[in-house]
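Letter by letter, the chains look like this.
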Amino acid sequence: MTRLFVAFALAAGLGATTPSPPAAAELAERYEAMGTMTVELGDETLDLVVPYDIETARAFAERRMIMGDFLTINVLGRTVAEDGTPGRPMAQVTMQERGDGMHLLSAEVFDARGYDSPLVMGADGGEGEIADFSLDGDALTATVEGTFLRVTDYADDPQVADEAQAVAARVEVSVDLPPMTD
């Protein structure tokens, strides 16, 4: 289940172009921000945007019922490239509601090491949990705390990388979710 949403991250990053480049760190006209994500990795901070692609009506955050019983929320935060398109590094957080509340399924940071060797929090990587969660209508705020570990062969057979060292992390998400999908 952890890698189920990697395909969402890969698909969300394809095909973004714009006719005229805007100022750095400003989304192109094709996109609007539907939220923000801040990732604190040790002493580094990534300020990310959760985009919405107006042309394709694609949200970079979603909620759906899995198997009819489990509310699952996935949010993908992206940096903004110089041309205004969603760029890398990017981070993804996937949460699932179970009988006793909302739980972290996984969090990934896709950086210069690529899709196959991300920093991971969850079943395949470091330990993490949801420290704060609120869903008021469509407005989601959540904080995830724990440690990331670098993994290799993430898409096929994830293993903690030989050189992996735990990196303390805090991820804050604030997004207006689109309507529920099946």
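All values reported here derive from a predicted model rather than from experimental measurement. (Residues numbered from 1 in each chain as written. Predicted model: local features only at pLDDT ≥ 70, side-chain atom pairs only at ≥ 80, totals over all residues. Heavy atoms only, no water.)

## Observations regarding the side chain of Arg63
Let me state the cut-off plainly: Elements are defined by DSSP. Helices are runs of H or I of four residues or more, strands are runs of E of two residues or more, and each kind is numbered from the N terminus. Distance and chemistry together define a polar contact, namely a pair of N or O atoms within 3.5 Å, with one atom able to donate a hydrogen and the other to accept it when in protein, and with adjacent residues in sequence counting only for side-chain atoms on both sides.
With respect to the element layout, Arg63 can be found in strand β4 (residues 61–66). A polar contact of 2.3 Å, which involves the side chain of Arg63, links it to the side chain of Asp138. Among the polar contacts listed, one links the side chain of Arg63 to the backbone oxygen of Pro178, at a separation of 3.1 Å.

## With respect to the environment of Asp116
Under the convention used in this document: Categorising residues by exposure relies on relative accessible area from a 1.4 Å probe, with only protein chains included: less than 20% of the type maximum marks a residue as buried, more than 50% marks it as exposed, and the intermediate range marks it as partly exposed. Contacts are assigned to residue pairs that have any heavy atoms within 4.5 Å of one another.
Tracing the backbone through its elements, the reader meets Asp116 in the loop between β7 (101–110) and β8 (119–122). A relative accessible area of 37% places Asp116 in the partly exposed class. A C-alpha to C-alpha distance of 7.9 Å links Asp116 and Val151, two positions 35 residues apart in sequence. Ignoring sequence-local partners within four residues, the contact set of Asp116 consists of Val151, Thr152, Asp153, Tyr154 and Ala155.

## Section: the nonpolar core
Spelled out, the test is: The set of buried Ala, Val, Leu, Ile, Met, Phe, Trp, Tyr and Cys residues whose side-chain atoms join them within 4.5 Å is what this entry labels a nonpolar core.
The biggest cluster of nonpolar side chains holds 35 residues, and the ones touching the most others in it are Met37, Val39, Val75, Val93, Leu140, Phe148 and Val175. Of all the secondary structure elements, the ones that give two or more residues to this core are β1 (31–41), β2 (44–53), β5 (70–80), β6 (86–98), β7, β8, β10 (139–152) and β12 (167–176). Among the elements that line this core, the one with the most residues is β7, at five residues. If we skip the residues at most four places from it in the chain, Leu140 touches Ile73, Val75, Met95, Phe133, Ser134, Leu135, Val173, Ser174, Val175 and Leu177.

## Some thoughts on the environment of Arg63
Relative accessible area serves as the criterion here: at 9%, Arg63 is assigned to the buried category. Residues Arg63 and Asn74 lie eleven residues apart in sequence; the distance between their C-alpha atoms is 6.4 Å. A distance of 3.4 Å separates the side chain of Arg63 from the backbone oxygen of Gly137, its partner in a polar contact.

## Here's the deal with the pattern of salt bridges
So the rule is basically this: By salt bridge we mean one thing: a side-chain nitrogen of Lys or Arg within 4 Å of a carboxyl oxygen of Asp or Glu.
Per the counting criterion, the structure on display carries eight salt bridges. Note that Arg150 and Asp111 form a salt bridge whose closest N and O atoms lie 2.9 Å from each other. On the criterion of sequence distance, the pair formed by Arg150 in strand β10 and Asp111 in the loop between β7 and β8 is long-range, its members being 39 residues apart. The buried category is assigned to Arg150, whose relative accessible area is 12%. A relative accessible area of 17% places Asp111 in the buried class. Residues Arg113 and Glu163 are paired through a salt bridge, measuring 3.0 Å at the closest nitrogen-oxygen approach. One end of the pair, Arg113, is in the loop between β7 and β8; the other, Glu163, is in the loop between β11 (159–160) and β12, and 50 residues separate them in sequence.

## Considerations on unusual backbone geometry
The amide bond that connects Arg88 to the next residue, Pro89, takes the cis arrangement and shows omega of 10°. Tracing the backbone shows Pro89 in strand β6. With a phi angle near 55°, Ala57 is a residue other than glycine that sits in the positive phi range. Along the chain, Ala57 falls in the loop between β2 and β3 (58–59). According to the relative accessible area criterion, Ala57 is exposed, its value standing at 52%. The phi dihedral of Asp153 is positive, around 50°, even though this residue is not glycine. As for its position among the elements, Asp153 is in the loop between β10 and β11. For Asp153, a relative accessible area of 29% translates into the label partly exposed.

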